[in-house]
Amino acid sequence: MKRRALPPNALERIYAAIRAVPRGRVATYGLIAERAGLPRRARLVGHALRHAPRRLRLPWHRIINAQGRISFPRGSEPYVEQRRRLEAEGVRFVRGRVKLAQFGWQLTLDELLWKLPG
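Residues numbered from 1 in each chain as written. Predicted model: local features only at pLDDT ≥ 70, side-chain atom pairs only at ≥ 80, totals over all residues. Heavy atoms only, no water.

Chemist: Help me get a handle on the overall build of the chain, residues and values and all.
Modeler: On a plain count of helices and strands, the chain comes out with 6 helices and 4 strands. Secondary structure of the chain in N-to-C order comes out as α-β-α-α-β-α-β-β-α-α. When contacts within the chain are restricted to residue pairs at least 6 apart in sequence, long-range pairs at least 24 apart make up 62% of them. Surface accessibility of the chain: about 8,300 Å² in total, with carbon and sulfur atoms responsible for 53%. (Helix = DSSP H or I, 4+ residues; strand = E, 2+ residues; numbered from the N terminus. Contact = heavy atoms within 4.5 Å. Areas by Shrake-Rupley, 256 points an atom, 1.4 Å probe, with all protein chains shown as cover.)

Printed below as a string of C-alpha cells:
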C-alpha cells in the first residue's frame, strides 16, 4: 500500500477541528478529517489522536466511529473513561451507541454550501 504524504499543517488542522467539537456533542473520525480539509483520511485522525501530546488537552473523548460507537474495546479502561466523560456531558448511549442524529456535531449550512463543487 502506497503511503500518502502528510499535507502541511495536517496535525494542527486536525487538532483545531477536535477542539471545535462542542461539549455534549460527538464527531466521527471522518467528520474531523473533512473539517480539517483531509477528506477520506479518518484513520489519520485516529493516528493523530493516538500520538497527540497530553499538553494539548484535546477533548479526545468526543471523537467516535461512524457507527456511533467508542472505538476502544468494550470494557477496557480507555472505553470506560471515554464513556464516563461523554455521559458527564449529557451524551446518552443506547445499546452501546450514541445516536449521531441527536448528539452528532454537524457541519453548518454555510459550511455545506461552500463545499459544493464549483
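Chemist: Explain the environment of Arg92 to me, and be specific about the residues and the numbers.
Modeler: Here Arg92 is to be found in the loop between α4 (77-88) and β3 (93-94). Judged by relative accessible area, Arg92 falls into the exposed class, the value being 54%. Sequence spacing of Arg92 and Gly24 is 68 residues, and the spatial spacing of their C-alpha atoms is 9.4 Å. Excluding residues that lie within four positions of it along the chain, Arg92 makes contacts with Arg97, Val98, Lys99, Gln102 and Phe103. (Buried < 20%, exposed > 50% of the residue type's maximum accessible area, 1.4 Å probe, protein only.)

Chemist: Lay out the packing of aromatic side chains in plain terms, naming residues and giving numbers.
Modeler: Evaluated as defined, the whole model comprises 1 aromatic pair. Where Trp60 meets Phe72, the ring centres are 6.3 Å apart and the plane angle is 80°; that geometry is what we call edge-to-face. Placement of Trp60 in the loop between α3 (42-50) and β2 (63-64) and of Phe72 in the loop between β2 and α4 is noted, with a sequence separation of 12 residues between them. Residue classification places Trp60 among the partly exposed positions, given a relative accessible area of 25%. For Phe72, a relative accessible area of 34% translates into the label partly exposed. When the ring centre of Phe93 is taken as origin, the NZ or CZ atom of Arg83, which lies over that ring, is 4.3 Å away. (Phe/Tyr/Trp six-rings, centres within 6.5 Å; stacked < 30°, edge-to-face > 60°. Lys NZ or Arg CZ within 6 Å of the ring centre and 35° of its normal.)

Chemist: Describe the side chain of Gln82, with residues and values.
Modeler: Checked against the element boundaries, Gln82 lands in helix α4. Excluding anything up to four places from it in sequence, Gln82 contacts Trp60, His61, Ile63, Ile64, Ile70 and Phe72.

Chemist: Give me the lowdown on the nonpolar core, citing residues and values where you can.
Modeler: Residues Ile14, Ile18, Ala27, Ile32 and Ile63 are the most contacted members of the largest nonpolar core, which totals 20 residues. Only α1 (10-19), α2 (29-35) and α3 provide two or more residues apiece to this core. Top element by residues in this core is α1. It accounts for 5 residues. Dropping the residues within four chain positions of it, Ile63 is found in contact with Ile18, Val21, Ala27, Thr28, Tyr29, Ile32, Leu49 and Gln82. Grouped together as the second largest cluster of nonpolar side chains are 9 residues, Ile64, Ile70, Leu86 and Val91 included. (Core = buried A, V, L, I, M, F, W, Y, C linked by side-chain atoms within 4.5 Å.)

Chemist: A description of the pattern of salt bridges should follow, citing residues and the corresponding values.
Modeler: Enumeration over the complete set of coordinates arrives at 5 salt bridges. A salt bridge links Glu81 to Arg85, with the nearest nitrogen and oxygen atoms 2.7 Å apart. Residue Glu81 and its partner Arg85 are located together in helix α4, separated by 4 residues, close to a single helical turn. Beyond isolated ion pairs, a larger network of salt bridges with shared partners links Arg23, Arg62 and Glu89. (Salt bridge = Lys/Arg side-chain N within 4 Å of Asp/Glu carboxyl O.)

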